[in-house]
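If you want the building blocks of each chain, they are given just below.
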Amino acid sequence: PLATMPTVSVERSALFAHLGRTYTDEEFDELCFEFGVELDEITSEKEEATKSATVKLSKEQLASLSEEVIYKIDVPANRYDLLCIEGISRSLRVFLGDIDAPNFTILPASDEASSTMTVIQSSTSTVRPFVVCAILRDVTFDEARYQSFIELQDQLHRNLCRLRTLVAIGTHDLDSVKGPFTYDARAPADIKFVPLTHTDEGREFDGASLMECYETDAACKHLKPYVPIIKNSPLYPVVLDSEETVMSLPPIINGSKSRITLDTKNVFIECTATDLTKANIVLDTVVAMFSEYAANPFSVEPVTVNYVNESQEVVNSYVSPQMFTRKETATVKFVNSLIGINVEAEKMVELCSKIQLGPAQLLPGTTEDEGPILEVTVPPTRSDILHAVDIAEDIGIAFGYNNIERKVPQTCTVGGEQPLNQLSDLLREEIARAGYIEVLTHGLCSINDNFTALGKPITAAVSLSNPANIEYQVVRTTLLPGLLKTLQHNKSSSFTGGFKLFEISDVVLPDDKYVMTETIVGAKNARRACATYSGPTSGFEVIHGLVDRIMTLCEVAPEADYVASSGNAYKKVHCKEGWYYNIRELKDGDVRTYFPGRAAEVLLTSPSTGGKQVVIGTFGILHPDVLGNFDINYPTSALELELDFMF
């Protein structure tokens, strides 16, 4: 659900009132397409209830539901400014040219006490280390605005906040509490307050009992998914005012005392987080959307956040919200080529105003061939603008996708599979016909599984700087551990008939030919085919037969047959001219993975190897120590071949 496009439900009449225009459903659908969003569904509260398979209502209940038309609009997952009716209507009005994009103003703090948040760093650092805040003054709420305010927070919690694990939003009636405020983390038993939501209204809870209650109370089931975020923590984060009144227990619930009502005039917003960057984006979004209802529209008062140590000394400090505007650039030539249009540079500057990327200006290019550079102004609501491609995409929307002229491509090419992928697909089919089951294993593994457990010395490999656990330390350099771990996890199954497994996939190898740069990473992918046969009848000859079958399918002849048929070898033995292979026993120093005397390597001679004999793989009976390391109880034979040289 986190990866899907968010859907915003808005009443048609309310949306048209915000727009100052009316449309037919077809006209609005076309407008959405032009703007780059999608009108997914046209419905109503009553229609939704009628279609629902899970909610059964009586005729009286259905009759009481509204028939007001609701538009369900799908918006891009990174357009957080479109998650409420205020953001959608404002963006559409700017797009239509009805209004200019707003300029946001950070006013001086009118009350120093209310504009200070003190963070107890020693305790909060263990749970949710960051907090950012803002104050909206003289806001006017009505029922529709209040509901939109709540729904925006819910949308942000589901999307950018990752179900409150990254950021949790708390909004409070500033006049009901007293600054300065404190963000601390305390033992659950020491946190006592009346929560905003509970069936037993007015009852006081401590932190531990409230968590247990929310896990079991059906009336509060919407809060149950958030309980595990902090339940097992020895300290719970808590926001308090100067009188020790609990304003919120993030990321779970706010306190009842600071609840927002339709009569609220001054709103205190706090966002606690594990990610400061996302916290700032969330706060800027909420402020940008609802500051339009302030007496001084699009204005906000800042809050100074001070981090103090155990001696109450300030060790870090910043002011929020940021509400930053920034400059990004893209060459006019790049934008035109990417979209497939030919717009004059001056016209492109005008288009930026339709997509809230103005004011824009033209800068001279560094070279004559580069041409003029378009510099745009990115507002605080557009955190999705990260690259010149994002600018080009929005210019395309402003220009109008329907206005892009259809042209026959100047290049004439025929698409097709890459030869390596085509070979891999054909081999998968044939190896499966030989009785082997294909598996797909993880590309990351532990150092022990990749090297030590296979009896190999630890050598260079692409490693993770901060692996999530010991199983994800390096990118695999061999496919064999994945197959052996598959056998290990299926050892409860019957091995009487033997288990035949195979995988054709990539490994990643260090590549010393290149120096690390921004584009050359010092590593390369290599396509491998790996197979194992485990069971009472597993033997060297079975896996040897699979090697011969793979080489035959690749039209590579055994060296002896090729030499014996010299002259017209490739015609007589059905192989490609100049392609042949040989089998050679592994030397004693290379037998760590395999049983001594029961292991071989495959040597290929072909045009792809420059006519030289190159080792492209090994096969044999696995050493008992290797089987013991992976807890496999039956004899197992294995092969691993490189496919990059096979075409």
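Residues numbered from 1 in each chain as written. Predicted model: local features only at pLDDT ≥ 70, side-chain atom pairs only at ≥ 80, totals over all residues. Heavy atoms only, no water.

Going by this rule: UniProt positions are given in the numbering used here, feature names are shortened, and annotations may be inferred rather than shown by experiment.
Under the annotation held in an unreviewed UniProt entry, the protein chain carries the name phenylalanine--tRNA ligase and is attributed to Skeletonema marinoi. In its Catalytic activity (unreviewed entry) section, UniProt records this for the protein chain: "tRNA(Phe) + L-phenylalanine + ATP = L-phenylalanyl-tRNA(Phe) + AMP + diphosphate + H(+)". Recorded in UniProt for the protein chain, the comment headed Cofactor (unreviewed entry) runs: "Mg(2+)".

Quick notes on the overall build of the protein chain
What counts here: The secondary structure listing takes helices from DSSP runs of H or I that are at least 4 residues long and strands from runs of E that are at least 2 residues long, numbered from the N terminus. Only C-alpha atoms enter the radius of gyration, while the globule expectation follows 2.2 Å times N to the 0.38, with N the number of residues. Under the scheme applied here, a residue whose accessible area is under 20% of the maximum for its type counts as buried, over 50% as exposed, and between as partly exposed, the area being computed with a 1.4 Å probe on protein chains only. A contact between two residues is defined here by any heavy atoms of the two lying within 4.5 Å. Computed by Shrake-Rupley with a 1.4 Å probe, the accessible areas treat only the displayed protein chains as cover when residues are assessed. When charges are counted, Lys and Arg are positive and Asp and Glu negative, with His and the chain ends excluded. Positions of charges follow a simple convention, taking NZ of Lys, CZ of Arg, CG of Asp or CD of Glu.
The number of helices and strands found in the protein chain is 19 helices and 29 strands. The C-alpha atoms of the protein chain give a radius of gyration of 33 Å, which is well past the 26 Å a tight globule of 647 residues would have. Along the longest, intermediate and shortest principal axes, the C-alpha atoms of the protein chain span 95 × 65 × 65 Å. The proportion of buried residues among the 647 residues of the protein chain is 47%. Counting contacts in the protein chain only where the partners sit at least 6 residues apart, residues at least 24 apart contribute 69% of the total. Accessible surface computed for the protein chain: about 31,800 Å², of which carbon and sulfur atoms make up 51%. Charge-centre separation for the protein chain: the mean point of 55 positive side chains lies 5 Å from the mean point of 90 negative side chains.

Quick look at the UniProt feature "domain: B5" (unreviewed entry) in the protein chain
When the UniProt feature table is mapped onto this chain, "domain: B5" (unreviewed entry) is found at residues 323-406. For residues 323-406, the helix share is 33%, the strand share is 18%, and the end-to-end C-alpha distance is 40 Å.

Focus on a negative patch on the surface
Inclusion rule: For patch building, the residue pool is restricted to those with more than 30% relative accessible area and no salt bridge; the joining distance is 9 Å between like charges and 5 Å between nonpolar side chains (Val, Leu, Ile, Met, Phe, Trp, Tyr). For salt bridges, the criterion is a side-chain nitrogen of Lys or Arg within 4 Å of an Asp or Glu carboxyl oxygen.
A grouping of E26, E27, D29, E30, E34, E38 and D40 is seen on the molecular surface, where their side chains present a negatively charged patch. In terms of residue count, helix 2 (residues 25-35) provides more of the negative patch than any other element does, five residues in total. Take E38: its relative accessible area is 42%, and that puts it in the partly exposed class.

Topic: the sheet that holds strand 29 (residues 636-642)
Short version of the rule: In this analysis, strands are considered paired if DSSP registers two or more bridges between them. Inter-axis angles, ranging from 0 to 180 degrees, are taken between N-to-C directions of lines fitted to C-alpha atoms, where helices are fitted over the stretch in contact.
Pairing is mixed across the open sheet formed by eight strands, whose spatial order is 20-23-24-29-28-27-26-25. Two strands lie at the open edges of the sheet, namely strand 20 (437-438) and strand 25 (557-558), each paired on one side alone. Alignment of strand 27 (residues 594-605) against strand 28 (residues 613-622), held across eight bridges, turns out to be antiparallel. Directly across from L603, in strand 28, lies its bridge partner V615. Across the face of the sheet, helix 13 (residues 419-433) comes into contact with strand 20, strand 23 (499-510) and strand 24 (523-534) while running at roughly 160 degrees to strand 23. The sheet strands contacting helix 15 (residues 480-488) are strand 23, strand 24, strand 28 and strand 29, and the helix crosses strand 24 at an angle near 35 degrees.

Let's talk about the environment of S110
Note the threshold: Polar contacts, as used here, are pairs of N or O atoms within 3.5 Å; protein pairs need one atom able to donate a hydrogen and one able to accept it. Residues neighboring in sequence count only if both atoms are side-chain atoms.
Position of S110 among the secondary structure elements: in the loop between strand 4 (105-106) and strand 5 (116-120). In the structure, S110 is positioned 192 residues away from P302 in sequence and 9.5 Å away in space, judged by C-alpha atoms. The residues contacting S110, other than those within four sequence positions of it, are R137 and E301. Here the side chain of S110 touches E301 through a polar contact of 2.9 Å, side chain to side chain.

Here's the deal with the sheet that holds strand 2 (residues 38-44)
Within a beta sheet, neighbouring strands are joined by backbone hydrogen bonds and run either parallel or antiparallel to one another. What the three strands build is an open sheet, ordered 1-3-2; its pairing is antiparallel. A strand with exactly one partner marks an edge of an open sheet, and here the two such strands are strand 1 (7-11) and strand 2. Across this sheet, the average inter-strand angle for adjacent strands is 25 degrees, counted without regard to direction. Judged from the six bridges that link them, strand 2 and strand 3 (residues 69-74) form a sheet pairing that is antiparallel.

Some words on the pairing of strand 24
Burial within strand 24 is extensive, with nine of its twelve residues counted as buried. One ladder, built from twelve bridges, connects strand 23 with strand 24; its direction is antiparallel. Among the inter-strand pairings, P510 is bridged to a residue of strand 24, identified as A523. Summarising the sheet, strand 24 and strand 29 pair through seven bridges and their orientation is antiparallel. Bridging from a neighbouring strand, C530 pairs with E640 of strand 29.

A few points about helix 11 (residues 345-352)
Note the following rule: The directions from the helix axis to the C-beta atoms are what the arc is built from.
Those residues of helix 11 that fall on the buried side of the exposure criterion are A345, M348, V349, L351 and C352. For helix 11, the angular spread of buried residues about the axis comes to 160 degrees, placing them on one side. Opposite the packed face of helix 11, turned more than 90 degrees from it, sit the exposed residues E346 and E350.

Points about the pattern of salt bridges
Under the criterion given, the structure shown has 28 salt bridges. In this structure, E215 and K231 form a salt bridge, with 2.5 Å as the shortest nitrogen-oxygen distance. One end of the pair, E215, is in helix 8 (residues 207-216); the other, K231, is in the loop between helix 8 and strand 11 (236-240), with 16 residues separating them in the sequence. Judged by relative accessible area, which is 28%, E215 ranks as partly exposed.

Quick look at the packing of helix 7 (residues 143-158) against helix 9 (residues 276-290)
Quick note on the threshold: In these notes the angle categories are as follows: under 35 degrees is roughly parallel, over 145 is roughly antiparallel, 65 to 115 is roughly perpendicular, and the rest is oblique. Helix crossings get a hand from a simple test, with the near helix turned counterclockwise from the far one by less than a right angle marking a left-handed crossing and a clockwise turn marking a right-handed one. Side-chain classes are defined by residue name, with Ala, Val, Leu, Ile, Met, Phe, Trp, Tyr, Cys and Pro counting as nonpolar, Asp, Glu, Lys and Arg as charged, and the others, Gly among them, as polar.
Between helix 7 and helix 9, whose axes approach to 11 Å, the crossing angle comes to 160 degrees. The orientation of helix 7 with respect to helix 9, classified from their angle, is roughly antiparallel. In the packing of helix 7 onto helix 9, the handedness of the crossing is right-handed. Packed against helix 7, whose contacting residues are R145, S148, F149, L152 and L156, the element helix 9 presents V282, T285, V286, M289 and F290 at the interface. When its residues are assigned to classes, the contact of helix 7 with helix 9 shows seven nonpolar, two polar and one charged.

Section: the packing of helix 5 (residues 85-96) against helix 9
A pair of packed helices is characterised by two quantities: the angle between their axes and the separation of those axes. Where helix 5 contacts helix 9, the two axes come as close as 9 Å, and the packing angle between them is 70 degrees. Taken as axis vectors, helix 5 and helix 9 run roughly perpendicular relative to one another. Handedness of the crossing formed by helix 5 with helix 9: left-handed. Within the contact between the two elements, helix 5 uses E86, G87 and R90 and helix 9 uses A288, M289 and F290. Classifying every residue of the contact of helix 5 with helix 9 gives three nonpolar, one polar and two charged.

Regarding the state of the cysteines
Stated formally: Cysteine sulfur atoms that come within 2.5 Å of each other are treated as a disulfide pair.
A complete count under the given rule lists zero disulfides for this structure. Counting only cysteine sulfurs, C220 is the nearest neighbor of C213, a cysteine outside any disulfide, at a range of 6.1 Å. Judged by its relative accessible area of 14%, C213 falls in the buried class.

Thoughts on helix 16 (residues 540-553)
Note the cut-off: Helix span, expected: 1.5 Å multiplied by one less than the number of residues in the helix.
Given a rise of 1.5 Å per residue, 14 residues ought to cover 20 Å, and the 20 Å separating the end C-alpha atoms of helix 16 matches this to within 8%. In this fold, the buried residues of helix 16 make contact with helix 13, strand 24, strand 26 (580-585), strand 27, strand 28 and strand 29. Within two residues after helix 16, E555 carries a phi angle of roughly 60 degrees, on the positive side.

Notes on the nonpolar core
Burial of nonpolar side chains together is a common tendency in soluble globular proteins. This is how the line gets drawn: Here, nonpolar core refers to any group of buried Ala, Val, Leu, Ile, Met, Phe, Trp, Tyr and Cys residues whose side-chain atoms link them within 4.5 Å. Boundaries between domains were set according to an automatic or database domain assignment.
Core analysis: the largest hydrophobic core is formed by 69 residues, its most contacted members being F28, I73 and M117. Looking at this core element by element, the count peaks at eight residues for helix 9. Taken domain by domain, this core gets at least three of its residues from each of domain 1 (7-96) and domain 2 (105-320). Beyond its immediate sequence surroundings of up to four residues, F28 is in contact with L15, F16, L19, Y23, L39, Y71, I73 and L92. Membership of the second largest hydrophobic core comes to 28 residues, among which are F502, V602, L639 and L641.

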